[in-house]
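What follows is each chain in one-letter form.
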Amino acid sequence: MLRATLSRLSNSQSFLSTRRYASTSVNSSYKVVVVGGGPGGLSVSSTLSRILGSKNVAVIEPSSVHYYQPLWTFVGGGLKSFEQSKKKMEDVMSKEVDWIQNSAATFEPEKNVVVLSDGQRISYDYLVVAAGIQINWGNIKGLKEALGKDCVTSNYSADSVQRTWEFINNFKGGNAIFTMPSTTIKCAGAPQKIMYLAEEQFRHNGVRDKANVMYNTATGKLFGIDKYAKTLSKICQERGIAVNTTTELTEIRPENREAVFKKTGPNGTEEQIYNYDFLHVTPPMGAPDFIKNSPIADAAGWVDVDASTLQHTRYPNIFSLGDCSSCPTGKTAAAITSESQVVKRNLLSSMAGKELTAKYDGYTSCPLVTGKNKLILAEFSGYTSKPLETFPVNQAVERSSMFHLTAHLLPEFYWNGILKGIWHGPGFFRNILNPNGGQI
C-alpha cells in the first residue's frame, strides 16, 4: 500500500520516466548547482528541477551507485541483503537534472563557481552543498590493513559490511569489542545497534557464556539524549554488556589481535590494550577535505550555515544540508528529511526576493535496533536535546512495531519519497498524533 501510494505520487510528478545517463558534455552554468548525490542532494534537486525545468539544475556526484546506508545495520546483522541497500545512481536521480559525474574540488564563492577535480569550472546562481561526511579510516593506525579480515569489520564500509554477519555468526567466544570514536559521526546510534544484534546472535548460537561483549566509547555516555540513554544503559546491564566510556580506539595490531585504546580519566590518559576475537570499528569522521580547505567552511571545516534557515552565513546564494553542514544536530537521513524542505522553501524565497521564513528545528531520529524484533525509536531535536516523538506512546521502550516500521516501511519512504523530494519527515503527523512530542 505504501509503495503504491508513493509511486502514484511520484508518477504524478514525472519522476519515474527513464532518465539520461551522466553528462560527458555539460553546461558551464546553471541556475542551481547541487554538490552531492546523497539523500539531501537528490531530494533538493528532484524538487527544484521539477519547478525550474530541465537544464537549470545540475548535480555533481562521482558515484554510479547510491546506497541506503541506514540499512547496513540490518545487512551486518544478517537481516537484509546488501543488494537491498543499493541502486544505480541513474535510477534515483530526476530525469530533469543534469548529472555531472565528477567530484567537486573546491569553491570560488566570490565568482559563483565550483571547480571540479579535472579543472572544469561550473558556475551557478545558487549553490546547494550536500556532500556528506568524510570517513577518516587512516586516523586509526592499522585499521585499513585489518579491515574485513580476521574478524575486524565495520558497517560503515560498503565492502566490510558484507563480512560483518559472517564474522558474527562464526564467532565462537572471547572478546567481542564494539567501538565509538570521539568525533562526530553519521548515525550516532549505529555503533551500538550492531552490538545488540551480535549479542543476540551469540545467545542464539549458544556461545554467549563464552563471550565478553563490550562497548568502548570515547564519549561519556551511551547516547546523547538522556531519555534514551537510560533505557540503553538498562539493556546493557540486563544483557551483561560492559560499557567503557571515555575509551577511544587508536590502533589495531592484527598480527597479535590487539586493539589499543586511549582511556581518559580524572588523572589524564593511559593506554589500554585488549585482545579481540571480534572487533567492530566505527571510524573517526569529519568534514570533507575539499570543503574544509575552501572559503565556505567554518573553523571546524563544515559548511558555515545559519542553523535555522540553512543559508550560508556569508554567501546568501549558498545553502547546505545533511552531514556536511554546520548544523549542531544528529547527522542522519531523518534530519535530512526536515532540512531538505527548509532548504527548498528558503532557496525559492531567495530567488523571488522574499524573506526566508522556513525554519529548521533540529529534528533528527535514530532508530535504535536492540534485537531482531525490537527497536527504540529515538526522535529528538539536536538543538534542544528534547524528544520530538511522532507517536503517542513512550518511544524509549523497545517495541516490535517500531522495528517493523524501520526495517520494512522506512526503506520505502526513502527510495520512493525522500529521494524524489516528496517526503519531508513526520512533522505533520506529529502535530496530529503527539503535539507535545513526548516531552511530558
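Not measured: the values here are computed from a predicted model. (Residues numbered from 1 in each chain as written. Predicted model: local features only at pLDDT ≥ 70, side-chain atom pairs only at ≥ 80, totals over all residues. Heavy atoms only, no water.)

A. Structural detail: the side chain of Ser45. Mapped onto the fold, Ser45 is located in helix α2 (residues 39-52). Within polar-contact distance, the side chain of Ser45 engages the backbone oxygen of Gly41 at 2.8 Å. Ser45 has contacts with Val34, Val57, Val59 and Val97, leaving out every residue within four places of it along the chain. (Helix = DSSP H or I, 4+ residues; strand = E, 2+ residues; numbered from the N terminus. Polar contact = N/O pair within 3.5 Å; in protein donor to acceptor, adjacent residues only side chain to side chain. Contact = heavy atoms within 4.5 Å.)

B. Main features of the sheet that holds strand β14 (residues 247-253). The antiparallel open sheet is built from 3 strands, whose spatial order is β14-β15-β16. In this open sheet, the two strands that pair with only one neighbour each are β14 and β16 (268-275). Taking the axes of each pair of neighbouring strands and ignoring which way they run, one obtains an average angle of 25° across the sheet. The pairing of β14 with strand β15 (residues 258-265) spans 6 bridges and is antiparallel. Paired with Arg253 across the strands is Glu258, a residue of β15. (Pairing = 2+ DSSP bridges. Axes fitted to C-alpha atoms, helices over the stretch in contact; angles between N-to-C directions.)

C. Up close: helix α10 (residues 333-351). Helix length check: α10, at 19 residues, gives a terminal C-alpha distance of 27 Å against a target of 27 Å (1.5 Å per residue), a fit within 8%. Its maximal kink placed at Glu339, α10 deviates by approximately 25°. With 14 of 19 residues buried, α10 is to be regarded as a mostly interior element. Positive backbone phi, approximately 75°, marks Gly353, located one or two places after α10. (Expected span 1.5 Å × (residues − 1). Bend = angle between axes of the 7 residues up to and from the residue. Buried < 20%, exposed > 50% of the residue type's maximum accessible area, 1.4 Å probe, protein only.)

D. Examining the pattern of salt bridges more closely. Under the definition given, this model contains 15 salt bridges. Arg314 serves as the salt-bridge partner of Asp304, at 3.0 Å between the closest nitrogen and oxygen. On the criterion of sequence distance, the pair formed by Asp304 in the loop between α9 (289-292) and β19 (318-320) and Arg314 in the loop between α9 and β19 is long-range, its members being 10 residues apart. Counted as one network, the salt bridges with shared partners bring together Glu199, Arg203 and Arg208. (Salt bridge = Lys/Arg side-chain N within 4 Å of Asp/Glu carboxyl O.)

E. Region of interest: helix α6 (residues 161-169). All of the buried residues in α6 are Val161, Thr164, Phe167 and Ile168. On an axial view of α6, the arc spanned by its buried residues comes to 95°, and they lie on one face. Those residues of α6 that are buried are in contact with α3 (72-76), β10 (152-153), α7 (190-204) and β17 (278-280). (Arc of directions from axis to C-beta.)

F. Molecular detail of the domain arrangement of the chain. One can read the domain layout of the chain as domain 1 (29-133 + 287-434) and domain 2 (143-285). Using only C-alpha atoms to locate each centre, domain 1 and domain 2 end up separated by 28 Å. The partner domain 2 presents 30 residues to the 35 residues of domain 1 that form the contact. When the two sides are added together, the surface that domain 1 and domain 2 hide from each other amounts to roughly 2800 Å², 67% of it contributed by carbon and sulfur. Our count for the domain 1 to domain 2 interface comes out at 2 salt bridges. With its nearest N and O atoms 3.0 Å apart, the salt bridge here joins Arg239 to Glu398. At the boundary of domain 1 and domain 2, one finds 13 residue pairs in polar contact (both at pLDDT 80 or more). (Domains from an automatic or database assignment. Buried area = accessible area lost by both parts, 1.4 Å probe.)

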